[in-house]
Amino acid sequence: MDLKDIQNLIKFVAKSGASEVKLETDDVKITIKTGGDDKGETTTYVQQIPVNAPVAQAPVAAQPAQPATPAPVAAAAADNDSKYITIKSPIIGTLYRKPSPDKPVFVEVGQTINEGDVLCIIEAMKLFNEIESEVSGKIVKVLVDDSSPVEFDQPLFLVDPS
């Protein structure tokens, strides 16, 4: 398991609302605990311990979650994005921006799309679902990475309808 996989797992657990997740593979044991305080902030701790190591060994890594974005910056970003249409995930699954690893992505930032154009694929329980656009416009921003887990109603793309 590399660092990117661990970071994606942390993000997925934080969005899911779970309070604790334990994952054990042949050579790695990971425990992710999230707990809120009175301010509603969440802290995530990750312990990665080699399974073959003695029990008395200290954790290999422990890092807090990224701090929240300051409110004024978030409010300004929300004002700028209010004129755009947000395309959201209709299902839970893994998002793929390409039809296969050796093909180009379905849509790029700046590309004009029409109603019915395929934007991405979401895999759910080994079924690949094509996500089609319900609006016409220009892709302004892609909000998710390729091969990343998505939740129901999670924003995927911002589209400028003008």
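Residues numbered from 1 in each chain as written. Predicted model: local features only at pLDDT ≥ 70, side-chain atom pairs only at ≥ 80, totals over all residues. Heavy atoms only, no water.

### Thoughts on the sheet that holds strand β8 (residues 127-132)
Move 1: One open sheet holds the four strands; their spatial order is β8-β7-β5-β10, and the pairing between them is antiparallel. Strands at the two margins of the open sheet, each flanked by one partner only, are β8 and β10 (148-150). With strand direction ignored, the average angle separating the axes of adjacent strands in the sheet is 40 degrees.
Move 2: Bridge count for strand β5 (residues 93-96) against strand β7 (residues 118-124) is three bridges, and the pairing is antiparallel. Paired with tyrosine 96 across the two strands is isoleucine 121, which belongs to β7. (Pairing = 2+ DSSP bridges. Helix = DSSP H or I, 4+ residues; strand = E, 2+ residues; numbered from the N terminus. Axes fitted to C-alpha atoms, helices over the stretch in contact; angles between N-to-C directions.)

### Focus on the sheet that holds strand β6 (residues 112-113)
Backbone-to-backbone hydrogen bonds join strands into a sheet, with any given pair of strands oriented parallel or antiparallel.
Move 1: The strand order across the open sheet built from four strands is β4-β11-β9-β6, with neighbouring strands paired in antiparallel fashion. Among the strands making up the open sheet, the edge pair consists of β4 (85-88) and β6.
Move 2: Relative to strand β11 (residues 155-160), β4 runs antiparallel, the two being bridged by four bridges. Residue isoleucine 85 lies in a different strand from β11, and its bridge partner there is valine 159.

### Notes on the packing of aromatic side chains
Move 1: For the coordinates displayed, the defined rule picks out one aromatic pair.
Move 2: Between the aromatic rings of tyrosine 96 and phenylalanine 128, the centroid separation amounts to 6.3 Å while the plane-to-plane angle is 40 degrees, which identifies the pairing as tilted. Taken together, the residues span a long stretch of sequence, with tyrosine 96 in strand β5 and phenylalanine 128 in strand β8 at a distance of 32 residues. (Phe/Tyr/Trp six-rings, centres within 6.5 Å; stacked < 30°, edge-to-face > 60°.)

### Describing helix α1 (residues 3-16)
One turn of the α-helix equals 3.6 residues, which is why residues spaced by three or four share an orientation.
Move 1: The end-to-end C-alpha distance of α1, which contains 14 residues, comes to 20 Å, matching closely the 20 Å that a straight helix rising 1.5 Å per residue would cover.
Move 2: For α1, the set of buried residues is Ile6, Leu9, Ile10 and Val13. Summarising the axial view, the buried residues of α1 lie within an arc of 100 degrees, below the 170-degree limit, and thus occupy one face. Turned more than 90 degrees away from the buried face of α1 sit Lys4 and Lys15, all of them exposed. (Expected span 1.5 Å × (residues − 1). Buried < 20%, exposed > 50% of the residue type's maximum accessible area, 1.4 Å probe, protein only. Arc of directions from axis to C-beta.)

### Topic: the nonpolar core
Move 1: Counting 15 residues, the largest nonpolar core has Leu95, Leu119, Ile139, Leu156 and Phe157 as its most contacted members.
Move 2: Contributing elements (two or more residues each) for this core: β7, β9 (137-142) and β11.
Move 3: Sequence-distant contacts of phenylalanine 157, that is, excluding residues within four places in its chain, are made with Ile85, Thr86, Ile87, Val107, Leu119, Cys120, Ile139, Lys141, Val142 and Leu143.
Move 4: Counting residues in hydrophobic clusters, the runner-up holds seven residues, among them Ile6, Ile10, Val13 and Val28. (Core = buried A, V, L, I, M, F, W, Y, C linked by side-chain atoms within 4.5 Å. Contact = heavy atoms within 4.5 Å.)

### What about unusual backbone geometry?
Negative phi is the rule for most residues except glycine; trans is the rule for most peptide bonds.
Move 1: Residues other than glycine seldom take positive phi values, yet methionine 125 does so here, at roughly 55 degrees.
Move 2: Looking at the element boundaries, methionine 125 is found in the loop between β7 and β8.
Move 3: Methionine 125 sits in the exposed class, given a relative accessible area of 79%.

### Some words on the side chain of glutamine 154
Move 1: Among the structural elements, glutamine 154 can be located in the loop between β10 and β11.
Move 2: The class for glutamine 154 is buried, based on a relative accessible area of 11%.
Move 3: Separated by 2.9 Å, the side chain of glutamine 154 and the backbone nitrogen of glutamate 151 make a polar contact.
Move 4: Leave out the neighbours within four places in its chain, and glutamine 154 touches Lys15, Ile87, Lys88, Ser89, Val144 and Pro149. (Polar contact = N/O pair within 3.5 Å; in protein donor to acceptor, adjacent residues only side chain to side chain.)

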